Amino acid sequence: MKLYNSYILIVAGLLLLTTVILTAIGQEALDVYYTIYILEALVVTELYIYFNPKARRGLSLVSAILFGGFLFVVSLEVIRILG
Amino acid sequence: MKTILCPNCGQEIAESPCPFCHHPVAIDGPVKGPNKGNLPRYTSESAKPAKLMSDGKHREKKPSSRNSYIWTGLSLIIIGALLIPASLFLFTFTWLTALGIAVLILSFILLALGRTIPKLSPQASALLLETGIDNLATVFEELGVKSKAVYLPSSMTNGKLKVIVPLNSKNSTLKIAKALPQRLIVKYSDSTEDIGLMVTSVGNVAVRMLESKPGPSASGVESALTYLFMGVLGVAGRTEVAVREHHIRVEIHNPHIENRETWSSQSLGSPLASIAASVVAEAWNRPFVITQEERNWRKHSVELKVVG
């Protein structure tokens, strides 16, 4: 379970650090926060290549859900620009 | 009357040997007799699952699928679900809303990982492992087997990975003419003296957890071993493999698995060495023997040699 713990700690640390940095630079758009969170989570998941198949399947499902949210944010932005 | 749990069967007993399994037990102090040195050092925690399993009432109870990852995930979902609307409509803090989103993402990850944790507790797993090791050690001790085990690839054992322990320790060479049958006692060549015990080791079972057959190159073996040690079993860190003609040196970093010296471990090697030998034998499709093992707190080195 050491691998799981290190993965969770890294993701949690990155998300917290991103929040602190974006807040410090005065970022107010929530979609920016969300997009960066998703990118970080996806990159860290890809870097952990030694997860067992069951864990990888579970994380792929989470990635798919998060990516769906990302597409929703992007489509909202596209509609806003076109409109 | 003083009663204790039998370390072998988990029953509550007041006399030695155990009336249920006839295992010698130290009721008041150390056990006397030939088995004294081989008695396993069970902790009170490792004895508990045996007690539970031997009790009919407890056996019917379904094990809880909720582990700490699931509980943390569920807690974070609640926190995130409360935090987002509160920060959006009540406090109007963007950073707090973003933090709520981050908490939700983390909760999804925890729930996904929590579903992959085995339902069997580590104590119950240790109990099953120790039972297997003790039984094998007893068989080896009774037969006086001292020769080094040879790790065979699946092609030599009709599909199932096995280990052969030659009963004749004087015969240093092992020449297997054809695939061996799935038996406990097998004759591995035409000579009448070439008889061995064919058993399953920890490594043989671990190799079945690999998704595909490992490649014969050093990097192929290295990645298969790291995947097993780090990703699947969680018993060590990264692995380094060096190939030198018919010798392979495997270095396992940060091992955190306890080594128990038993009669069978002298022949089969430690669990980490057994896994390394099984993976290498399957990758090279040749029989291997563990020639040397060195261990310190940071590294476990295993020397393997091709046989025949």
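See above for the structure.
For the structure given in this document, a descriptive report is provided here. (Residues numbered from 1 in each chain as written. Chains lettered and ligands numbered in written order. Predicted model: local features only at pLDDT ≥ 70, side-chain atom pairs only at ≥ 80, totals over all residues. Heavy atoms only, no water.)

Tallying secondary structure elements over chain B gives nine helices and 10 strands in all. Going through the 308 residues of chain B one by one, you find that 44% of them count as buried. Pairs at least 24 residues apart make up 51% of the contacts formed inside chain B by residues separated by at least 6 positions. If you sum the accessible surface of chain B, you get close to 16,900 Å²; carbon and sulfur atoms cover 56% of it. (Helix = DSSP H or I, 4+ residues; strand = E, 2+ residues; numbered from the N terminus. Buried < 20%, exposed > 50% of the residue type's maximum accessible area, 1.4 Å probe, protein only. Contact = heavy atoms within 4.5 Å. Areas by Shrake-Rupley, 256 points an atom, 1.4 Å probe, with all protein chains shown as cover.)

Attention now goes to the pairing of strand β4 (residues 162-166) of chain B. Residue and element names in this part refer to chain B. Among the five residues in β4, five count as buried, and that is most of the element. With three bridges connecting them, strand β3 (residues 150-152) and β4 associate as antiparallel partners. Within the sheet, the bridge partner assigned to Y151 lies in β4 and is V163. Sheet analysis places β4 next to strand β6 (residues 195-199), joined by four bridges and oriented antiparallel. In the sheet register, V165 faces β6, and the bridge partner there is L197. (Pairing = 2+ DSSP bridges.)

Our focus in this paragraph is the side chain of T97 of chain B. Tracing the backbone shows T97 of chain B in helix α4 (residues 94-114). Every residue in contact with T97 of chain B, bar those within four places of it in the chain, is listed here: L30 of chain A together with I84, S87 and L88 of chain B.

A cluster of like positive charges, contributed by K54 and R57 of chain A together with R115 and K119 of chain B, occupies part of the molecular surface. Relative to the assigned elements, R115 of chain B resides in the loop between α4 and α5 (122-143). Judged by relative accessible area, which is 65%, R115 of chain B ranks as exposed. (Patch = residues over 30% accessible without salt bridge, like charges linked within 9 Å, V, L, I, M, F, W, Y side chains within 5 Å. Salt bridge = Lys/Arg side-chain N within 4 Å of Asp/Glu carboxyl O. Lys, Arg positive; Asp, Glu negative; His and termini not counted. Charge placed at Lys NZ, Arg CZ, Asp CG, Glu CD.)

Nonpolar side chains in soluble globular proteins generally cluster together in the buried interior. Residue and element names in this part refer to chain B. L225, V250, L268, V279 and L304 are the most contacted members of the largest nonpolar core, which has 40 residues in total. It is helix α9 (residues 271-284) that contributes the most residues to this core, nine residues altogether. Lining this core are residues from two domains, each supplying at least three of them: domain 3 (134-200) and domain 4 (204-306). Setting aside residues no more than four positions away along its own chain, V279 makes contact with V207, L210, P214, V221, A224, L225 and L228. (Core = buried A, V, L, I, M, F, W, Y, C linked by side-chain atoms within 4.5 Å. Domains from an automatic or database assignment.)

Our next topic: the pattern of salt bridges. Residue and element names in this part refer to chain B. Under the criterion given, the structure shown has seven salt bridges over all chains. Residues R238 and E240 are paired through a salt bridge, measuring 2.6 Å at the closest nitrogen-oxygen approach. By relative accessible area, which is 33% here, E240 ends up partly exposed. Between K299 and E251 there is a salt bridge, and its shortest N-O distance comes to 3.6 Å. Remark: E251 occurs in strand β8 (residues 247-253) and K299 occurs in strand β10 (residues 299-306); sequence separation between them is 48 residues.

Right, let's get into the packing of aromatic side chains. For any pair of aromatic rings, geometry is given as the distance between the ring centres together with the angle between the planes. Inspection of the entire model under this criterion finds 10 aromatic pairs over all chains. Where W284 of chain B meets F288 of chain B, the ring centres are 5.6 Å apart and the plane angle is 80 degrees; that geometry is what we call edge-to-face. A relative accessible area of 0% means that F288 of chain B is categorised as buried. One aromatic cluster in this structure is built from Y4, Y7, Y48 and F51 of chain A together with Y69 of chain B. (Phe/Tyr/Trp six-rings, centres within 6.5 Å; stacked < 30°, edge-to-face > 60°.)

Contact residues are listed per partner, giving 30 residues for chain A and 27 residues for chain B. Summed over both partners, the interface of chain A with chain B comes to about 2,700 Å²; 79% of that surface belongs to carbon and sulfur atoms. Linking chain A to chain B there are one salt bridge. For E211 of chain B, the salt bridge identified is with R56 of chain A, shortest N-O distance 3.9 Å. Linking chain A with chain B are four residue pairs in polar contact (both at pLDDT 80 or more), by the criterion used here. The dominant element in the side of chain A that touches chain B, judged by the number of residues it contributes, is helix α1 (residues 2-24) of chain A, at 12 residues. Split into classes, the residues belonging to the side of chain A that touches chain B amount to 20 nonpolar, six polar and four charged. (Buried area = accessible area lost by both parts, 1.4 Å probe. Polar contact = N/O pair within 3.5 Å; in protein donor to acceptor, adjacent residues only side chain to side chain. Nonpolar A, V, L, I, M, F, W, Y, C, P; charged D, E, K, R; others polar.)

Moving on to the sheet that holds strand β9 (residues 288-295) of chain B. All names here are of chain B. Taken together, the eight strands give an open sheet; going across it, the order is β5-β6-β4-β3-β9-β10-β8-β7, and neighbouring strands pair in antiparallel fashion. Edge strands, defined here as strands with exactly one partner in the open sheet, are β5 (185-187) and β7 (239-244). The mean inter-strand angle of the sheet, taken between neighbouring strand axes irrespective of direction, is 30 degrees. Note: β5 against β6, three bridges, orientation antiparallel. Bridged to I185 within β6 is L197. (Axes fitted to C-alpha atoms, helices over the stretch in contact; angles between N-to-C directions.)

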